[in-house]
Amino acid sequence: MASKIEDYALLSDLASAALVGRDGSIDWLTFPRFDSDACFAGLLGEPSNGRWLIAPAGTPSHVRRSYRGDSLVLETVFSCADGEVAVIDCMPIRGDQLDVVRLVEGRSGRVAMRVELVVRFGYGAVAPWVHMVEGDWVAVAGPDSLRLVTPIDLRGEGEGDGRRSVAEFSVAAGERVQSERIVLNANQTKPQPRYSEATLLSAMEGAGKMVDDEELKAAMAGRGLGTPAT
């Protein structure tokens, strides 16, 4: 079940956005733009519609969170029976790819953590093919692809639409789990060009059909707009 809308915090790189619940779950993420389909859509339904959870294995006694300074770097601190741990989330301003970075930092004691990753493209409707590529976790569905770079060993769990990737680890005071990054390579989800060379030439040749002025239409008849050379 999704959290209340007021329990979500926003991450953004100025081109797309994610929503992170107080429970440490990213329940909404659009790739690669704001108006793209969501690949995490648990916000609209259930965890099986897509989410990325990093949280204590047990129920925390207290959760506090804030943005660092004037940034959109979100720090969520979980106080647990065995200690305190922070999950630090951000979406760096992109270069040639889009990233979501999550860092786990031990503050006191030793806290057992869990990870659950469910990618569902198309607003939670499309389950991807999940496999390993050069040690990285990769989910692919048609032209859409996500890569998770992490030192944590994920394993598959469940069947069919309930299939998900999970892991457990622990973090002690002063320890950090290296940045986990979900990476989207821009060339893997780049929109298809509106015209190919052939369809563009065809549109140019038939441009006269779209002209209302009869004199101009007559002048363009049989010639269209421009030539293949231009």
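Just so it is clear, the model here is predicted, and its values are computed rather than measured. (Residues numbered from 1 in each chain as written. Predicted model: local features only at pLDDT ≥ 70, side-chain atom pairs only at ≥ 80, totals over all residues. Heavy atoms only, no water.)

## Describing the overall build of the protein
Selection criterion: Counting from the N terminus, the helices are the DSSP runs of H or I reaching at least four residues and the strands are the DSSP runs of E reaching at least two. Note on exposure labels: buried denotes an accessible area under 20% of the residue type's maximum, exposed denotes more than 50%, and partly exposed covers the range between, all computed with a 1.4 Å probe on protein chains only. Here, residues are in contact when the closest pair of their heavy atoms is within 4.5 Å. Here, Shrake-Rupley sampling with a 1.4 Å probe gives the accessible areas, and only protein chains in the shown set may cover a residue.
Along its length, the protein carries three helices and 15 strands. Looking at the protein as a whole, 44% of its 230 residues qualify as buried. For the protein, the proportion of contacts with a sequence separation of at least 24, taken over those separated by at least 6, is 56%. Of the roughly 12,500 Å² that the protein leaves accessible, carbon and sulfur atoms contribute 53%.

## Topic: the nonpolar core
For the record, the criterion: By nonpolar core is meant a set of buried Ala, Val, Leu, Ile, Met, Phe, Trp, Tyr and Cys residues that side-chain atoms within 4.5 Å join together.
Counting 38 residues, the largest nonpolar core has Leu29, Trp52, Val104, Met113, Val119 and Ile182 as its most contacted members. Looking at this core, the element that brings in the most residues is strand E9 (residues 97-118), giving seven residues. Those residues within four positions of Met113 in sequence are excluded, and the remaining contacts are Ile54, Ala55, Pro56, Ala57, Val85, Val87, Val104, Ala167, Glu168, Phe169, Ser170 and Val171. Among the nonpolar cores identified, the runner-up in size contains five residues, and Tyr8, Leu19, Ala38 and Ala41 belong to it.

## Describing unusual backbone geometry
We note that Leu14 has phi near 80°; this positive angle belongs to a residue other than glycine. By the secondary structure assignment, Leu14 is in the loop between strand E1 (8-12) and strand E2 (17-21). The phi dihedral of Glu134 is positive, around 55°, even though this residue is not glycine. Position of Glu134 relative to the elements: it lies in the loop between strand E10 (129-133) and strand E11 (136-141). Glu134 gets classed as exposed once you look at its relative accessible area, which sits at 78%.

## Here we look at the pattern of salt bridges
Pairing is possible between side chains that carry opposite charge, provided their charged atoms lie close to one another. Rules: We define a salt bridge as a contact between a side-chain nitrogen of Lys or Arg and a carboxyl oxygen of Asp or Glu at a distance within 4 Å.
Using the criterion set out here, one finds 14 salt bridges in the structure. Across the pair Arg107 and Glu105 runs a salt bridge, and its minimum N-O distance is 2.6 Å. Residue Glu105 is classed as buried on the basis of its relative accessible area, which comes to 12%. Residue Arg155 is joined to Glu168 by a salt bridge in which the shortest nitrogen-to-oxygen separation is 2.9 Å. You can see Arg155 sitting in strand E13 (residues 155-157) and its partner Glu168 sitting in strand E14 (residues 164-172), a full 13 residues away along the chain.

## Examining the side chain of Arg65
Which entries qualify depends on this criterion: Charged-residue counts in this description rest on Lys and Arg as positive and Asp and Glu as negative, His and the chain ends being excluded. Counted as a polar contact is a pair of N or O atoms within 3.5 Å, where, for protein atoms, one must be capable of donating a hydrogen and the other of accepting one, and residues adjacent in sequence contribute only when both atoms are in side chains.
You can see Arg65 is positioned in strand E6 (residues 62-67). Lacking a salt bridge, the buried Arg65 has Asp7 as its closest oppositely charged neighbour, with an N-O distance of 5.3 Å. A polar contact of 2.4 Å, which involves the side chain of Arg65, links it to the backbone oxygen of Asp7. Polar side-chain contacts of Arg65 include one of 3.1 Å to the backbone oxygen of Val20.

## Thoughts on the environment of Ser48
When you line up the elements, Ser48 lands in the loop between strand E4 (38-40) and strand E5 (51-56). On the basis of relative accessibility, which here comes to 37%, the residue Ser48 falls in the partly exposed class. The sequence separation of Ser48 and Arg164 amounts to 116 residues, and the corresponding C-alpha distance is 8.0 Å. Ignoring anything within four residues of it in the chain, the contact list for Ser48 reads Val118, Arg120 and Asp161.

## Structural notes on a nonpolar patch on the surface
The criterion, for reference: By definition, no residue in a patch forms a salt bridge, and every one has over 30% relative accessible area; like charges are joined within 9 Å, nonpolar side chains (Val, Leu, Ile, Met, Phe, Trp, Tyr) within 5 Å.
Taken together, Leu10, Tyr67 and Leu72 make up a surface patch of nonpolar side chains, about 230 Å² in accessible area. Overall, Tyr67 belongs to the partly exposed group, its relative accessible area being 33%.

## Let's talk about the confidence of the model for the protein
As a reminder, the rule being used: pLDDT measures how confident the predictor is about each residue, on a scale from 0 to 100.
Across the protein, the average pLDDT comes to 84, with 80% of residues at or above 70. The low-confidence segment residues 186-192, where pLDDT is below 50, has 10 contacts with residues more than four positions distant or belonging to other chains.

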